[in-house]
Amino acid sequence: VSTQSTGSSGINAEYGDLNEVPTLDALFKWVCENNFVINNVNLLTYRGLLKKIAVTMHDVYKNDWCVRLSKIHSTVIMDEIETEAQKFRRANESEQQKRFQYYGHQFEKEILDLSSDQKESDIVVTSKVGKLRCLLAAEVDGRDKTGNLVEIKTHRTMFNDHHRRIFEQNKLLNTYIQCYLVGINHTFFGFRDQKGYVTHTTSYSLPDIEERCAKQWNKDTIMCFLSKILQWALDQIETGKVYHLYYSGDDSIRLKQVENVNYLPGWFIEFANKCYENRD
């Protein structure tokens, strides 16, 4: 599939509390504990994977990715497979990268007035990407004083047009899609110097970001691209088989069938089967 596409898509989000880190098993547990009827959705996954796929054609670093797909009746399960390049980057993070990540976490806690042992909010969201109904797990930073979900970000202070252009092409794009997929409208940025001190802050709503970045990227084009890739992949996979959907940093996204691995827990498969039996 070519990584070029145009069009539009929309998101309608409804929320639930996950209460633990958004792994696939945590999502499965939430589904069972809340008796969620999974035959009402086409895709179960977490937000971060959809964001990676969505920004593929705008990723200036050409970062690769791989997701695993399997189908229970008409519902597809998607989770992440770590690539060799991702393993290498993780193992070779610089001390500066780790330090800036730490600064970001501390800034989040300060802004949201969290104690050292408190964590982000973990939510489950039902949303729609194109014609596909999705159940997404997501880890969000928290809520503001009015109760609205908000994403907190840090970024280096910008001194020239090149810095601002990279900020719009990369940071604001990723932040926007991350928020848009789960219906979050509020972001708060702290801009830091090289020593990690935040020198000023700015709030951006999603319309603010979209207007600022209009010359860099288009939300409708990106969401249509995501919708088409997902629909193309889901139309090809068969029940009982396992597939990898992957991007290697070139101009194509590929789908291949791989060796069947029984990685879905039996208790979740049993629950899913009952959902479909009750429907019939």
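In this report, we go over the structure that sits alongside the text. (Residues numbered from 1 in each chain as written. Predicted model: local features only at pLDDT ≥ 70, side-chain atom pairs only at ≥ 80, totals over all residues. Heavy atoms only, no water.)

1. What about unusual backbone geometry?
No. 1: Backbone geometry places N35, a non-glycine residue, at a positive phi of 50°.
No. 2: Note on placement: N35 falls in the loop between helix 1 (24-33) and strand 2 (43-46). (Helix = DSSP H or I, 4+ residues; strand = E, 2+ residues; numbered from the N terminus.)

2. Quick look at the sheet that holds strand 7 (residues 142-143)
No. 1: Read from one edge to the other, the open sheet built from four strands follows the order 7-8-9-10, with strand pairing classed as mixed. Looking at the sheet topology across the chains shown, the edges are occupied by strand 7 and strand 10 (198-205).
No. 2: Summarising the sheet, strand 8 (residues 149-156) and strand 9 (residues 186-192) pair through seven bridges and their orientation is parallel. Paired with K153 across the strands is F189, a residue of strand 9. (Pairing = 2+ DSSP bridges.)

3. Description of the packing of helix 5 (residues 161-180) against helix 7 (residues 219-236)
No. 1: Contact pair helix 5 / helix 7: the axes reach a minimum separation of 12 Å and the direction vectors enclose 60°. It follows that helix 5 is oblique to helix 7 by the angle criterion. Considering how the two elements wind past one another, helix 5 and helix 7 form a crossing that is right-handed. Taking contact as the criterion, the partners of L173, Y176, I177 and Y180 in helix 5 are, on helix 7, K219, I222 and M223.
No. 2: Broken down by class, the residue content of the contact of helix 5 with helix 7 amounts to six nonpolar, no polar and one charged. (Axes fitted to C-alpha atoms, helices over the stretch in contact; angles between N-to-C directions. Parallel < 35°, antiparallel > 145°, perpendicular 65-115°, else oblique. Left-handed = near helix turned anticlockwise from the far one by under 90°. Contact = heavy atoms within 4.5 Å. Nonpolar A, V, L, I, M, F, W, Y, C, P; charged D, E, K, R; others polar.)

4. A closer look at the pairing of strand 5 (residues 121-129)
No. 1: In this structure, strand 5 lies alongside strand 6 (residues 132-140), joined through nine bridges in antiparallel fashion. Of the residues in strand 6, the one forming a bridge with V125 is L136.
No. 2: The hairpin turn running from strand 5 into strand 6, its antiparallel successor, is two residues long, and G130 in that turn takes a positive phi close to 60°.

5. Description of the packing of helix 2 (residues 47-54) against helix 5
No. 1: Interhelical geometry of helix 2 versus helix 5 gives an angle of 135° and a closest axis separation of 9 Å. Between helix 2 and helix 5, the interaxial angle falls into the category oblique. Viewed along their axes, helix 2 and helix 5 form a crossing whose handedness is right-handed. Together, R47, K51 and A54 of helix 2 and N174, I177 and Q178 of helix 5 make up the contact between the two elements.

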